[in-house]
Amino acid sequence: MTGRSYLLYAVILVLGVFGPIMFPNYTQQMALLWVMVLMASTWDLLGGQMGYNSLGNITFFGCGMYISAVVQISMFYNVADYTSAFGAIKPEFTDEQYFTGLFLGILAAGIGSVFISYLFGLIVFGLRGPYFAIGTLGIAIAAGQLTGTIDYIGGGSGISMPFFPGDIEVRAGFFYLLCFILAALTHIVLRWIYSTQFGLAINAIRDDEDKAEAMGIPTLKYKQIGWAITAFFMGCIGAVFGNMVGFIEPVEVAFPVPTFGIFMVAMALLGGKGTLWGPVLGAVLFHIIKEATWTYLLGWQWVALGLILIINIVYFQEGIMGWLQRKYPEFFGITVDVSTREDGKEAKADG
Amino acid sequence: MLFNLQILFDLAPITNVQLILDGIFIGAVISLSAYGLALVWGVMNVKNLAQGDFVILGGYMAFALFNAGVHPVLALPIVMVLMAMFGWMVYILIIRRVIQQDMFTSLLATFGLSLLLQQVLNLIFGPEVQTIDSKMPNYQLFDNAITLPMVKILSLVMVAVLAVAVVIFMKKSRMGQAIRATAQDERAARVLGINTDNVYAFTFSLNAAICGAAGVMVSIIWVLQPFYGITYSLRSFAIVTAAGLGNLPGVITTGFGLGLLEQYTGFVLGAEYQVASAVVMLLLVLIYRQIQLSRKRQVVQ
């Protein structure tokens with residue numbers, strides 16, 4: 001890391017911590033921004049660095065949400081009674097109960113998602129290219145449909161999450177901080193991973209999987225590990241998001257395949273896939289565009305987003321970071337992304 | 001669930017007939033869209049995730065024509081021509097630019113197209129469920145236990161005629177030969193003087209027209225809703241993956257099989273499982289292929 005990259009991190013840290021204090025009206029929006037940064041970054045671990053374009057990462061988001069809901073409620077109440085009353089019971093959680101439940105719930109969501117990712121990985125990692133994308137997309141859609149049939153967790157009508165003990169402003173700030181911390185943690189973990197041998201190995205899988213396997217890389221194991229990392233963070237953020245929204249429901253909130261499920265891919269591609277900062281940049285830009293269209297093009301916002309997605313993919317595939325890297329390699333190499341650029345070169349030399 | 005099984009076998013075995021008939025109708029629709037997908041996939045190596053939305057778009061065209069006073073059966077050729085033009089436009093604007101790139105690009109670009117189509121349809125027709133009431137007579141079979149609308153039979157016949165026409169076209173006509181040649185080897189076809197760009201454009205618009213025909217059928221015998229497209233796309237993918245490319249009898253058999261499977265799961269387990277059954281079939285095929293592959297690997301070791 002150079003001095004300039006420390007400066008960049010310092011600016012982000014200051015903005016991240018003091019953002020909600022400076023613009024209290026936008027706390028929810030900024031929390032959502034960090035959620036999207038996390039989603040795009042974790043998608044890029046598979047899609048950009050490993051070359052496995054998944055359309056179903058949103059599965060872990062929903063699984064995490066439901067796992068945390070079940071853990072949080074079942075610690076003190078009977079889940080079936082709670083969900084069958086459709087919010088008629090308003091259970092009281094003491095402060096201590098709420099926070100222990102929340103943190104255990106987030107942890108359980110992460111670990112549970114890792115377990116689920118292992119099971120799905122056994123099925124889908126035999127697939128390559130577009131078959132992998134379709135297989136994961138199918139899993140995500142089926143997960144939403146099947147979750148709606150389980151009455152124990154509320155079926156299609158959903159669960160309302162436990163109430164946060166405290167004011168609305170405190171609540172917003174608390175969940176904002178959770179989102180920010182998780183996104184920052186994800187970024188740090190990914191940065192570290194990309195600088196290790198594991199990072200080189202998954203780059204080798206992207207460049208030529210058969211050769212990588214012939215060189216002795218246990219590809220299936222590495223793919224599973226990569227997906228497990230994605231699943232862990234997606235599960236955690238799903239748990240936080242579910243608590244932040246306060247009410248979860250299978251199709252729109254927990255497994256939103258046509259919205260978040262595809263947004264995360266669009267964000268990573270917009271910023272430039274296969275780079276550390278691309279997804280972050282893409283998420284910020286995408287979120288701004290999304291909010292702008294919501295405000296100024298109401299009614300046509302989805303059409304605008306679909307158009308942006310098509311134009312982005314068809315005419316501007318390299319993304320912003322890819323374009324910058326091609327245009328100003330020296331400037332770029334010095335400022336932010338020294339480690340990953342070198343990783344990319346070495347991986348190519350290896351392959 | 002057990003009670004539903006009991007209905008099927010003991011109480012009212014006649015219900016089976018209704019389920020099988022419905023399965024055949026839905027199977028015809030998804031076979032058509034799956035055949036279009038197999039065509040595009042095989043010839044130009046583009047995976048069209050907007051396939052289901054093409055179907056729904058065709059259905060809405062028929063719906064709009066019906067509201068303007070055109071009988072749905074007469075609407076079929078009009079919708080096919082309109083959809084072919086639409087497909088040509090999509091090819092020129094989007095598909096031509098992603099055809100040379102890696103396969104995920106085409107997948108994602110068509111996913112964007114599918115989002116766009118859904119939302120435009122949603123803006124024009126609203127999110128309500130729509131259907132066409134053609135006011136044709138219903139046949140009652142087995143003491144009124146089974147309802148068989150005339151219009152369903154008619155549309156099934158039209159679709160069968162269409163399928164036969166497409167097969168003959170692919171086998172006999174000059175363009176059909178060109179399409180098959182391009183699918184086999186694009187470069188060799190170009191060397192031999194086939195304008196492959198035209199062939200691609202024609203294939204894609206043929207696919208759109210086939211989807212439009214399937215959509216007319218959906219609008220007559222099923223319901224239309226702007227966001228139902230993705231389920232048709234997934235079913236088409238499941239069928240093509242299960243049956244393989246360029247295997248027309250396989251695609252049609254799997255299509256009807258999936259239609260029946262869905263009807264029975266929907267009846268026995270509940271309507272929520274209907275969409276999931278296609279995905280479960282896809283996953284089962286994939287798992288089976290994996291087991292096959294791992295056996296092959298052991299031989300190599």
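Residues numbered from 1 in each chain as written. Chains lettered and ligands numbered in written order. Predicted model: local features only at pLDDT ≥ 70, side-chain atom pairs only at ≥ 80, totals over all residues.

Looking at the overall build of chain A
Counting secondary structure elements, chain A contains 17 helices and two strands. Among the 351 residues that make up chain A, the fraction classed as buried is 48%. Considering only residue pairs separated by 6 or more positions, chain A has 82% of its internal contacts joining residues 24 or more positions apart. (Helix = DSSP H or I, 4+ residues; strand = E, 2+ residues; numbered from the N terminus. Buried ≥ 20, exposed ≤ 12 C-beta atoms within 10 Å, placed from the backbone. Contact = placed C-beta atoms within 7 Å.)

With respect to the overall build of chain B
Each helix and strand in chain B was counted, giving twelve helices and two strands. Its helices and strands in sequence order give chain B the pattern α-α-α-α-α-β-β-α-α-α-α-α-α-α, from N to C terminus. A fraction of 75% describes how many contacts in chain B between residues 6 or more apart in sequence connect residues 24 or more apart.

Details of helix α7 (residues 168–194) of chain A
With 27 residues, α7(A) should reach 39 Å at 1.5 Å per residue; the first-to-last C-alpha distance of 39 Å fits that figure. Considered for burial, the residues of α7(A) that qualify are Phe175(A), Tyr176(A), Leu178(A), Cys179(A), Phe180(A), Leu182(A), Ala183(A), Thr186(A), Leu190(A) and Tyr194(A). (Expected span 1.5 Å × (residues − 1).)

Side note on the interface of chain A and chain B
On the chain B side, the residues contacting the 29 residues of chain A number 33 residues. Elements supplying a minimum of two residues to the side of chain A that touches chain B: α6 (129–147), α12 (257–271) and α14 (301–315) of chain A. If one sorts the elements of the side of chain A that touches chain B by residue count, α6(A) sits on top with ten residues. When the residues that make up the side of chain A that touches chain B are grouped by side-chain class, the tally is 18 nonpolar, eleven polar and no charged. (Nonpolar A, V, L, I, M, F, W, Y, C, P; charged D, E, K, R; others polar.)

A closer look at the packing of helix α3 (residues 51–67) of chain B against helix α10 (residues 229–243) of chain B
All names here are of chain B. Interhelical geometry of α3 versus α10 gives an angle of 130° and a closest axis separation of 6 Å. Comparing their axes, α10 and α3 come out oblique. Seen from above, α3 lies across α10 with right-handed handedness. Residues Gln 51, Gly 52, Asp 53, Val 55 and Ile 56 of α3 touch α10, and the partners they reach there are Gly 229, Ile 230, Thr 231, Tyr 232, Ser 233 and Ser 236. Looking at side-chain class alone, the contact of α3 with α10 contains four nonpolar, six polar and one charged residues. (Axes fitted to C-alpha atoms, helices over the stretch in contact; angles between N-to-C directions. Parallel < 35°, antiparallel > 145°, perpendicular 65-115°, else oblique. Left-handed = near helix turned anticlockwise from the far one by under 90°.)

Some points on the packing of helix α3 (residues 58–74) of chain A against α6(A)
Residues and elements named next belong to chain A. For the pair α3 and α6, the least separation of the axes is 8 Å and the interaxial angle reads 25°. One finds that α3 runs roughly parallel with respect to α6. Pair α3 / α6 crosses with left-handed handedness. When α3 is examined against α6, the residues Ile 58, Thr 59, Gly 62 and Tyr 66 are found in contact with a partner set consisting of Ile 139, Ala 140, Ala 143, Gly 144 and Thr 147. Each residue belonging to the contact of α3 with α6 can be placed in one class, and the counts come to five nonpolar, four polar and no charged.

As for unusual backbone geometry
Residues and elements named next belong to chain B. Phi at Asn 45 is positive, roughly 60°, even though this residue is not glycine. Mapping Asn 45 onto the fold places it in the loop between α2 (15–44) and α3. According to the C-beta neighbour criterion, Asn 45 is partly exposed, with 15 such atoms within 10 Å.

A closer look at the environment of Gln72(A)
Residues and elements named next belong to chain A. Take Gln 72: it is sitting in helix α3. Taking the C-beta count within 10 Å as the criterion, Gln 72 has 29 such neighbours and is therefore assigned buried. Apart from the residues within four sequence positions on either side, Gln 72 is in contact with Gly 101, Leu 102, Gly 105 and Pro 162.

Focus: the environment of Phe111(B)
For Phe111(B), the location among the structural elements is in helix α5 (residues 103–125). With 29 C-beta atoms counted inside 10 Å, the residue Phe111(B) sits in the buried group. When the C-alpha positions of Phe111(B) and Gln225(B) are compared, they lie 18 Å apart, and in sequence the two are 114 residues distant. With residues up to four places along the chain from it excluded, the contact list for Phe111(B) reads Ile262(A) and Leu49(B).

Focus on the confidence of the model for chain A
Residues and elements named next belong to chain A. On average, residues of chain A score 82 in pLDDT, and 90% of them are at 70 or above. Averaged pLDDT values over the elements of chain A bottom out at 48 in helix α17 (residues 338–350) and peak at 92 in helix α10 (residues 219–245). Under a pLDDT of 50 for its full length, residues 344–351 has, in the predicted model, 13 contacts with residues more than four places off or in other chains. (pLDDT = per-residue confidence, 0-100.)

Topic: the nonpolar core
Formed by 191 residues in total, the largest nonpolar core has its most connected members in Cys179(A), Ile237(A), Val240(A), Met267(A), Ala213(B), Met217(B) and Ala238(B). Examining the composition of this core, we find that 17 residues originate from one element, helix α9 (residues 196–221) of chain B, more than from any other. (Core = buried A, V, L, I, M, F, W, Y, C linked by C-beta atoms within 7 Å.)

Overview of the confidence of the model for chain B
With 90% of its residues at a pLDDT of 70 or more, chain B shows a mean pLDDT of 82. At the level of individual helices and strands, chain B shows its lowest average pLDDT in strand β1 (residues 138–141) of chain B, which scores 67, and its highest in α3(B), which scores 91.

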